[in-house]
Each structure stands twice: as C-alpha cells, then as structure tokens.
Amino acid sequence: MANAVNLVEIPATRSSVQTPPQYQHFHGGTQSLPTRKIRVLGVPLDLGASRRGVDMGPSAVRVAGLEARLEALGHQVTDGGNIRVEIAETQNAGSANARFLNEIADTCTRTAEAVVKCLEEGMTPMVLGGDHSLAAGTISGVSHFYRRQNQKIGVIWIDAHSDINTPETSPSGNVHGMPLAALLGLGAGSGPDSGLNPLSQIFGYAPKIAGENTVLVGVRDIDAAERENIRRAGVAQVYTMRDIDERGMRTVMEEALRVAGRGTAGYHVSLDMDWIDPEDAPGVGTPVRGGATYREAHLAMEILADHGRLLSFEIVEVNPVIDDRNRTADLAVELACSAFGKKIL
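Keep in mind the model is a prediction, meaning the values are calculated, not measured. (Residues numbered from 1 in each chain as written. Predicted model: local features only at pLDDT ≥ 70, side-chain atom pairs only at ≥ 80, totals over all residues. Heavy atoms only, no water.)

This paragraph deals with the side chain of glutamate 334. Tracing the backbone shows glutamate 334 in helix 11 (residues 327-339). At a separation of 2.5 Å, a polar atom in the side chain of glutamate 334 contacts the side chain of tyrosine 294. Here the side chain of glutamate 334 touches histidine 298 through a polar contact of 3.2 Å, side chain to side chain. (Helix = DSSP H or I, 4+ residues; strand = E, 2+ residues; numbered from the N terminus. Polar contact = N/O pair within 3.5 Å; in protein donor to acceptor, adjacent residues only side chain to side chain.)

See below:
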C-alpha cells in the first residue's frame, strides 16, 4: 500500500533553506527520501509522572535545533506552538490510582484535535513531550483521521516500559504508565475495570488501535500486572532488550515494521527517550540502565525511514532538569532527523 502521508516533490534546488553553520557538520546533503510537510506540536505535559521537569522537554528539543535540522534535509517545517496544559499546582490530583486523569484526558483531547487538523492539511504531525501520557492524544488523533477513511493504523512503541497499566493495576497511580492500555481499550467500558474511560474514550470510541498491529520495542522494565495486560490486549509482538541483544536491531525493527504495517495505512512511532541507555540519554523522566546504544537507536530510526510508511512521530520524556548540557534533547533531534531520512552517505 502506498504511503498515505501527503508527500511533496524534492525541488531540483533548495536555495530557500540554508543549513546554519552550527549544523553543517551534521547534514552534508544526505537526505534522499521524498520530503514532507511537517508540523511540530509541543505538549508540555508533566501531570502523568511523579518527577517534574518533562514539561520543559518541548522547549529543550526546539532549542536543540529541530526545525533547522529538518529543514536542512529538505522538509517544510512549521511550528504549531504548544497545546494548553494545566499546571499541577492549580489542580486537584483526584484519585490516587490515576492522578490528574481528567486533566490529562483534556490535554490529550486537545492534542488529538490538533493532530487531526495536521493530517487534514496534508502535514505529518511531530509531537514533542512532555510525559508519555500524551501519546493517548497523539495516537487518538491519527486513529480517528484514518478511521474516517475506513483504515486502521499500526503503532511502534519504543520504550523501556510497556505503559500498559490501568488504574486497577498501577503500583504508582502515574498516568504516564497507562496510555498504551487506554489506546488498546483496557480500562474502557463499564463496570469495575473502567477507570481509564476519560482517556480511552477520546472521540467517543475504543479501542483506538488493534493489538495485532501494536509492537513494543526495547522494553526492559515491566510491572508484573503489565505482563497480563499485554496478553489481555493481544499485543502482537514484544521485543525486549534481550531480543535486541540476541537478534540484532535490524531483525527486530524489520519484523516490528511488518507487524505494524500489516493491513494498515501505516504506523505511528512513539519514541520514549528512556529507551536509550542513560549513558547516552541521561535527561529522561524514568531512566533504566541497559538500554539501546547511540548507534542502535540511530539504526532503528534509519530502518524506519527506509520503509517510508511513517504517518506520525512523537518524542517524549525529555527532562532538561536532569540532563547534561541538553545532550538528551540534542540526541532526540538527531534521531528525529534519522527517522525523517538523514543518512550517513
């Protein structure tokens, strides 16, 4: 199936976009894929986590030169600003097993509506977080847009964690550990297991994605209850860091993209920066040792670009408060460029 994203032809010359001197070492004219119209959306959400600071993630990624680096690859980039987010100190946290759930659902609804508008205008949404609960908004928007065309989407969830708890199973009550459950329809409906309804029912339907087209990549920190939730939701494939160690990143990504792309319009990629080892990405919300290396992360994004069926992309959990000279945000920008076609040669 052809890529459903609206692509634009690469002009013979592109004098209108000049690579800033500080980025010239990074590019060198190595973009060979069709260019896109990309809209950047910031979601400075930190209501879903215990550790504060990820609300500054969108600014950190912008400061690292995201727009200029993507434009230097030939893409047309516009910044749609930030989605409105309530401040924790002004809100009641609500239930201890799903803190700030209603406020997060409101933010995700606004995010979903902005994503739908992007896609309607022929643009590729690139969402910057913020904690990972915002993915319920991004993916709801992409799902809704393609559902109106009688199509479904796949999801590649690249993360140290599976984020598939519900309020009934979460040991912390932090909603950033629940968005994948909400998207897959767990905790939706009626009865005692309906605690995620505000997040699950954006646009009035659940689930947003099918387990058979959902793939987890790089997980290494899964709660006991999440293992059962993965089975309940019928998640097609889970690749742990052991799978990557034993089988290699290329095999894992090729298989993941086949599963996510089977019978779908394409796939959304949700990239949590804690997937990468803290040695290379220290500024993340919940760091876990033993993650992907710098080159493994780039290879994954390069393989993603090679397949050309990316519908939307998000980067989450960049926390400048605990970062080292914006290293993590800078790496996030590099990985985004690899996902959107930057090549070594």
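Examined against the element boundaries, histidine 75 turns out to sit in the loop between helix 2 (66-72) and strand 3 (76-82). Along the sequence, histidine 75 and lysine 37 sit 38 residues apart, while their C-alpha atoms lie 6.1 Å from each other. Separated by 3.0 Å, the side chain of histidine 75 and the backbone nitrogen of arginine 36 make a polar contact.

Now for the pattern of salt bridges. Enumeration according to the criterion identifies 16 salt bridges in this entry. For glutamate 121, the salt bridge identified is with arginine 39, shortest N-O distance 2.8 Å. Note that glutamate 121 is positioned in the loop between helix 3 (101-120) and strand 4 (124-129) and arginine 39 in strand 2 (residues 35-43), a separation of 82 residues in sequence. Arginine 39 sits in the buried class, given a relative accessible area of 15%. Among the ionic pairs, glutamate 89 bridges to arginine 52, the shortest N-O distance being 2.9 Å. Of the two residues, glutamate 89 is situated in the loop between strand 3 and helix 3 and arginine 52 in the loop between strand 2 and helix 1 (57-63); the sequence distance between them amounts to 37 residues. Within this structure, Asp46, Arg52 and Glu89 form a network of salt bridges that share partners. (Salt bridge = Lys/Arg side-chain N within 4 Å of Asp/Glu carboxyl O. Buried < 20%, exposed > 50% of the residue type's maximum accessible area, 1.4 Å probe, protein only.)

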